[in-house]
Each structure stands twice: as structure tokens, then as C-alpha cells.
Amino acid sequence: MHALIVTAHPHPDSLTHSIAAGVARGITESGPHRAEIANLAQEGFRPEFTREDFAAFNAAGALPEDVRAEQTRIDSADALVLVFPVYWWSMPALMKGWIDRVFSAGWAYEETADGRLIKKLRHLPVHLVAIGAANMKTWEKHRYQEAMKVQIEEGIFNYCGAPVMSSSLLLSPEYPDTNVMLQDAHRLGQKTFNTQQPVAV
Ligand SMILES: Cc1cc2nc3c(=O)[nH]c(=O)nc-3n(C[C@H](O)[C@H](O)[C@H](O)COP(=O)(O)O)c2cc1C
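Owing to the predicted nature of the structure, the values given are computational and were not obtained by experimental measurement.

Participant: How would you sum up the environment of Leu169? Please name residues and give values.
Facilitator: Among the secondary structure elements, Leu169 is positioned in strand E7 (residues 164–171). Accessibility expressed as a relative area gives 16% for Leu169, which makes it buried. When the C-alpha atoms of Leu169 and Val129 are compared, they prove to be 6.0 Å apart, with 40 residues separating the residues in sequence. Setting aside chain neighbours within four positions, we find Leu169 in contact with Val86, Ala130, Met136, Trp139 and Gln145.

Have a look at this one:
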């Protein structure tokens, strides 16, 4: 099995990249699996929705090449894992732009003339690993986790039919020792291809 781990952080020494590497190790050590890390920052993915994207959205032009390449990369994966730092209680703009552009109408979903929604990513299991620096008390007080669940799990993946198999929030203040956080990341990786039921959305 092959997992595509998509991450978006400008610094290679960040906690985010260590966690992505831990998840990747967990995946490869749990069976004859492969894990590819796509670091959108390093790859220079352009997140802004262009006129070309807009033309494709309106069925008035072809999808940009970089978008097609990303879709091909996802099509060749058996699971999609997003590992991201929480920025303003959501995913970073770079990753959101990747979703905006790559999860295009026609590929991720279709809206028919009579108003029906066709979900086109039912075959793609998704795992989410969000990393934050605020403590759980703050997250609970403002119901930020609920907000992320509605926006990302329901609003993006459920809309396209992609089952969210796991969704983890790793908060550094809740870990006295970063190594324990990295061990949890490794465990999440081990479970990637061993999770049977999607989380409730
Ligand atoms: C622009 C920006 C916004 C952030 N917003 C949040 C936030 O809303 N909630 C939170 O828990 N942490 C927030 N953080 C902290 C990041 O999630 C933190 O970078 C994360 O723990 C990952 O660590 P790393 O940057 O070393 O990978 C933010 C950081 C930045 C740079």
C-alpha cells in the first residue's frame, strides 16, 4: 500500500516535519507499505486560485498542469495523510490553497444540473494530523476542534465522499516531552492501513 503524506511548513527542522517523518516511519514499518512525503513548501506549490483554475471550474478551460500532477499523485495513493501546523485554528493557507485548486469540480465531486452532488473520492481514505501550540483548555473553551471538524472533515472530505479514518490533534503543551509526541506520531503511522472504521462526521 502507498500513502501520500502532504505537509506544509516552511522549515525543515519544524515539529511538523518531525511528526510527518514519524508518521511515515510508522507506515513503512507496519507492513509492506510505502510513504511519500509531499512537502508543499519545499516543492513550491502555488496555492492561489488562478484565472486558469477559475476557467476550469466553469468548464471553460483545461485544468492547470500542476493541478493535474497533484491529482495523479493522489490517484496513485491508497491513503492520503495530511500533517499540518494549525494556523488560526485551521490548516495553513498553503495547504488550503492546495485543496482549493486540487480538489477540483469534476475530479473530487460533481454537481449535476438538477442539483445533485456526486461524491467522487469515496475510494480515498484520509487521515488528519493537526499540530498546535495552544493548550487543550483553550481549544475546548472556544470549541475550535469542533470548528475544524465541521470545516475540514465534513466540509471538505465528507463533501467529496473521502472517508476520514482518523483525525488527531497533537498539542505541544499537552506533552511534557517531545519524544512522546513523536512516538504518538509513529503509532498513528502504524495504524494508517489498520483502521477499519471512519470517524463519525
Ligand atoms: C501563523 C501561525 C498561526 C498559528 N495559529 C495557531 C492556532 O490557531 N492554534 C494553535 O494551537 N497553534 C497555532 N500556532 C502554532 C503552530 O500550530 C505551531 O507552529 C505548531 O505547534 C507546529 O510547530 P512547528 O511550527 O515547530 O511545526 C500558530 C503558528 C503560526 C506561525
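Participant: Mind laying out the pattern of salt bridges, listing which residues take part and the relevant values?
Facilitator: In total, this model carries twelve salt bridges according to the counting rule given. Between Glu36 and Arg73 there is a salt bridge; the shortest N-O distance is 3.3 Å. In this pair, Glu36 is assigned in strand E2 (residues 34–39) and Arg73 in helix H4 (residues 65–75), connecting sequence segments 37 residues apart. On the basis of relative accessibility, which here comes to 27%, the residue Glu36 falls in the partly exposed class. Here Arg46 makes a salt bridge to Glu48, at a shortest N to O gap of 2.3 Å.

Cut-offs used in this document
- Residue numbers run consecutively from 1 along every chain, following the written order of its sequence.
- Totals for whole chains, interfaces and linings use every residue, but because this is a predicted model, local features are given only for residues with pLDDT of at least 70 and side-chain atom pairs only at 80 or more, for both listing and counting.
- Side-chain measures here rest on the full set of heavy atoms in the structure, leaving out hydrogens and waters.
- Secondary structure elements follow DSSP: runs of H or I no shorter than four residues count as helices, runs of E no shorter than two count as strands, and numbering proceeds from the N terminus.
- A 1.4 Å probe rolled over the protein chains alone gives each residue an accessible area, and that area as a share of the maximum for its type sets the label: buried under 20%, exposed over 50%, partly exposed in between.
- Residue contacts follow a heavy-atom distance rule, with two residues in contact if any of their heavy atoms lie within 4.5 Å.
- Should a side-chain nitrogen of Lys or Arg be within 4 Å of a carboxyl oxygen of Asp or Glu, the pair is scored as a salt bridge.

Treat this as a map of the structure, not an account of what it does.
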